[in-house]
Every structure is written in structure tokens, then in C-alpha cells.
Amino acid sequence: GVGEGKKKRVDLRRALNGTNTSIAKLQDAEEVKRKAKQAWNEAKIWFEEYVASLLLGRKQQILEDTTAREKWRHELEVNATKRELRMKFLLGTHQRHLRNMNTELQLDDKNAKRVAAKELFEWSEKETSEANKLLLKLSKEETDCHDNIATTYSDLQRLLKGHEDATKAYNEQDPKERERSFSTNLEGSGA
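Conventions used here
- All chains use their own residue numbering, which begins from 1 and follows the written sequence.
- Two thresholds apply to this predicted model, a pLDDT of at least 70 for residue-level local features and 80 or more for giving and counting side-chain atom pairs, whereas whole-chain, interface and lining totals are computed over all residues.
- The side-chain values count all of the structure's non-hydrogen atoms but skip hydrogen atoms and water molecules.
- Strands here mean DSSP runs of E at least two residues long; helices mean DSSP runs of H or I at least four residues long; both are numbered from the N terminus.
- What the globule rule says is 2.2 Å times the number of residues to the power 0.38, and the radius of gyration is computed from C-alpha atoms.
- Any residue under 20% of the maximum accessible area for its type is buried, any over 50% is exposed, and the rest in between are partly exposed; the area is computed with a 1.4 Å probe on protein chains only.
- One less than the number of residues in a helix, times 1.5 Å, gives the span that helix is expected to have.
- Counted as salt bridges are all cases of a side-chain nitrogen of Lys or Arg within 4 Å of a carboxyl oxygen of Asp or Glu.

(A) Local environment of the overall build of the protein. From N to C terminus, the protein includes four helices and zero strands. In sequence order, the secondary structure elements of the protein are arranged as α-α-α-α. Taken over C-alpha atoms, the radius of gyration comes to 68 Å for the protein, far larger than the 16 Å a tight globule of 191 residues would show. Projecting the C-alpha coordinates of the protein onto the three principal axes gives extents of approximately 215 × 80 × 30 Å. Taking all 191 residues of the protein together, 1% fall into the buried category.

Here you go:
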């Protein structure tokens, strides 16, 4: 037995060393596992926050709302296009009907005559206005002429009165006195 005891002690030491190594490895593995679990929990929390920050529910709702609105607008546009085509067709029908009515009632000729009458009326109105202006001008000139004739007549009356007064004074003057006052002597004027 001595060799056997030594061998058992060596085996025991090996086993203790292996156990200690295994315990250290187990502790390291447990630490790695703990850190991994903590990292996993942190990653889960981050992912939940990230998903919440993406607002996927709200964005999905916005997408659905926008899609519904776009569909509604498209339907409106399609309906508007149909209505526009229908209105163009009705307009064409209306225009053809009007052409037929115009032909039946000879509206084109009547319209041309109406336009010609309107132009003649406007020309006549313009000519009347110009004639009226000319008449007013001539009337003013005639009034001015009559005023000038009256002024001239009154001046002539005043002058005639002066002439009559002078003639009367001349006739009342003694003829000898008159002859003396109008005689001129050209002789001996000193020249």
C-alpha cells in the first residue's frame, strides 16, 4: 500500500485541481451566462423601445387612412372625368340644337341686321352729338355777333348824337363867325 496511497493522493490532488478548475470554469461560465442574460434583457428592452419608437401601429393606421383617402380621391377623379365627358357630349348636343334653331329662325341674318342697326345707331348718335356741338358753337357765335352789333349800334348812336350836336352847334353859329374860324391863310407863312 504505500504506492497505492501515494497514487490515491495524486489522484485526489488531480481531482481537487480538476474540481477547482471546473469550479472556476463553472463560475466563469456562470458569469458569461449572467452577462449574456443581462445583455439579452437589455437588448429586449432596447428592441421594445425601438419598436415603440417606430410607431408601427400609428404608421399602419396612417397608411390605411392615406390609402382610403387616395382611393376616395381616385373615385372622385373618375366621377369628375365621367361627368366632364357627359357634359361635353351634352354641350355638343346643345350646340347642334342651337344651330338648327338658328337656321329655322334665321337668327344669323337677324343677328347680322341687329349688329348693323347697332352700328348705324352708334354712328347716328355720334353724328348727332357732333351736330349738337356745332349747333351750340354756331348759336354762341350768333349771340356774340348780335352782342357785337348791339354794341356797335350803341357806339354809332353815341357818335351820331355827337355829330348831330356838332351840326346843330355849327348851324347855330353865325355864318361870318363860322367863315372866320374855318379860313386858313397860307400866304406869308414865312416859308
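(B) Seen up close, helix α2 (residues 56-105). With 50 residues, α2 extends 71 Å from end C-alpha to end C-alpha; this agrees with the ideal 74 Å at 1.5 Å per step. Positioned one or two residues after α2, Q106 has a phi angle of 55°, which is positive.

(C) Representation of the environment of E77 in the model. Tracing the chain through its elements places E77 in helix α2. On a C-alpha basis, the gap between E77 and E179 in space is 124 Å, while along the polypeptide they are 102 residues apart.

(D) Just the pattern of salt bridges, in detail. By the definition in use, this model includes five salt bridges. A salt bridge links R14 to D11; the nearest nitrogen and oxygen atoms lie 4.0 Å apart. A residue pair is termed a helical-turn pair when its members lie 3 or 4 positions apart in one helix, as R14 and D11 do in helix α1 (residues 2-54) at three residues. Of the residues examined, D11 reaches a relative accessible area of 37% and is grouped as partly exposed. Salt-bridge contacts for E84 lead to K88; the nearest nitrogen and oxygen are separated by 3.6 Å. Placement of both E84 and K88 in helix α2 is noted, with a separation of four residues, approximately one turn of the helix.

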